[in-house]
Amino acid sequence: MDLGIRGRKAIVCASSKGLGRGCAMALAEAGCDIVVNGRNAEALARTAAEIRERFGVTVTEIAGDVSQPAVQKTLLAACPDPDILVNNNAGPPFRDFRELDREKILAGVTQNMVTPIELVKAVVDGMAARGFGRIVNITSLSVYMPIPGLDLSSGARAGLTSFLAGITRTVADRNVTINNLLPGKLDTDRLRGPHEPGSVEDPAAATARKARISADIPAKRLGTPEEFGQICAFLCSVHAGYLTGQNIPVDGGLYVSAF
């Protein structure tokens, strides 16, 4: 399917690896020029080089933590009139809520609620004025299915969801959509647990781990960053202009609800 966004400009936050990388790849495949971002400059450079080689689009690398105002400013300077914004950021680590002090709570809320709001605020009026805009926020299935130990992540992302729920209705008439993707168990580094950066997992151990983790998923497997990215790209396409303000689980059927 031609997504109708060839030549569009996209900012994809936290896109050096994992789900953000999957989204950047899918948008580049659709013909978008991409601004990629990540904290690890080396990993970011590898991702940018692969996108250029595979898809022949313009790729701009902005290294740094997107939660930092200076990094946001650099991102927006590199792409002052984006057509597409994919908000993504690492979540707080597993931690009993009793271990959270004010500093940790504020940091988590800044990462997963304040930062995407700041970026939406920076780009949404320009999108509306130009008559096209697609904003996708990568949140978490824990917004619907709370996970003990991820309370801070769940709360911050739920706050983002509620904050933007009314805003999305104010720009829909100018062809700007805001939707949320809620990843469940996807095959990313986060599901590997603690490990040395760059370490290679034993294939047999990886197979056993994935089978154990996916046992309660109706699809009986983990999702991939690539298929997650393709869903994101569709939400950013010309075909999704009548779909806005939605929370879309990408979870292989793990979240059980008839409605």
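Residues numbered from 1 in each chain as written. Predicted model: local features only at pLDDT ≥ 70, side-chain atom pairs only at ≥ 80, totals over all residues. Heavy atoms only, no water.

Enquirer: How would you explain the overall build of the chain if you had to name every residue and give the values?
Expert: A tally of helices and strands in the chain yields eight helices and seven strands. Structurally, the chain occupies a C-alpha span of about 50 × 40 × 40 Å along its principal axes. Residue burial in the chain is summarised as follows: out of 259 residues, 46% are buried. Of all intrachain contacts in the chain linking residues separated by at least 6 positions in sequence, the fraction that spans at least 24 positions is 74%. When the accessible area of the chain is evaluated, it comes to approximately 12700 Å², of which 57% is carbon and sulfur surface. Positive and negative charge centroids in the chain, built from 28 and 27 side chains respectively, lie 3 Å apart. (Helix = DSSP H or I, 4+ residues; strand = E, 2+ residues; numbered from the N terminus. Buried < 20%, exposed > 50% of the residue type's maximum accessible area, 1.4 Å probe, protein only. Contact = heavy atoms within 4.5 Å. Areas by Shrake-Rupley, 256 points an atom, 1.4 Å probe, with all protein chains shown as cover. Lys, Arg positive; Asp, Glu negative; His and termini not counted. Charge placed at Lys NZ, Arg CZ, Asp CG, Glu CD.)

Enquirer: For helix H4 (residues 102-130), give the residues involved together with the corresponding values.
Expert: An ideal rise of 1.5 Å per residue puts 42 Å on 29 residues; H4 measures up with 41 Å between its terminal C-alpha atoms. Roughly 45° is the biggest bend found in H4, and it falls at Thr110. Restricting attention to buried positions, one finds in H4 the residues Gly108, Gln111, Asn112, Thr115, Pro116, Ile117, Leu119, Val120, Val123, Val124, Met127 and Ala128. Its side-chain oxygen 3.2 Å from the backbone nitrogen of Glu103, Asp101 forms the N-cap of H4. (Expected span 1.5 Å × (residues − 1). Bend = angle between axes of the 7 residues up to and from the residue. Polar contact = N/O pair within 3.5 Å; in protein donor to acceptor, adjacent residues only side chain to side chain.)

Enquirer: Describe the state of the cysteines, with residues and values.
Expert: According to the stated counting rule, one finds zero disulfides in the structure shown. In this structure Cys32 is a free cysteine whose sulfur lies 7.4 Å from that of Cys236, the closest cysteine sulfur available. Note on Cys32: relative accessible area 0%, which makes it buried. Looking at the unpaired Cys236, the closest cysteine sulfur is the one in Cys232, lying at 4.3 Å. Residue classification places Cys236 among the buried residues on the basis of a relative accessible area of 0%. (Disulfide = S-S within 2.5 Å.)

Enquirer: Describe the pairing of strand E6 (residues 176-183), with residues and values.
Expert: In the case of a regular strand, side chains alternate between the two sheet surfaces. When you tally the buried positions in E6, you get eight out of eight residues, the bulk of the element. Neither face of E6 is exposed, since Val176, Ile178, Asn180 and Leu182 on one face and Thr177, Asn179, Leu181 and Pro183 on the opposite face are all buried. Here strand E5 (residues 133-138) runs beside E6; their pairing, made up of six bridges, is parallel. Within E6, the residue paired with Val136 across the bridge is Asn179. (Pairing = 2+ DSSP bridges.)

Enquirer: Explain the sheet that holds strand E4 (residues 84-87) to me, using residue names and the numbers behind them.
Expert: Ordered by their spatial adjacency, seven strands build an open sheet running E3-E2-E1-E4-E5-E6-E7, and the pairing between neighbours is parallel. Looking at which strands have only one partner, the edges of the open sheet turn out to be strand E3 (59-63) and strand E7 (247-250). Direction aside, neighbouring strands of the sheet carry axes that sit 15° apart on average. Across the sheet, helix H5 (residues 151-171) lies against E5, E6 and E7, angled at about 155° from E6, the strand it touches most. Set on the sheet, helix H8 (residues 225-235) makes contact with E4, E5, E6 and E7; between it and E6 the angle comes to about 165°. (Axes fitted to C-alpha atoms, helices over the stretch in contact; angles between N-to-C directions.)

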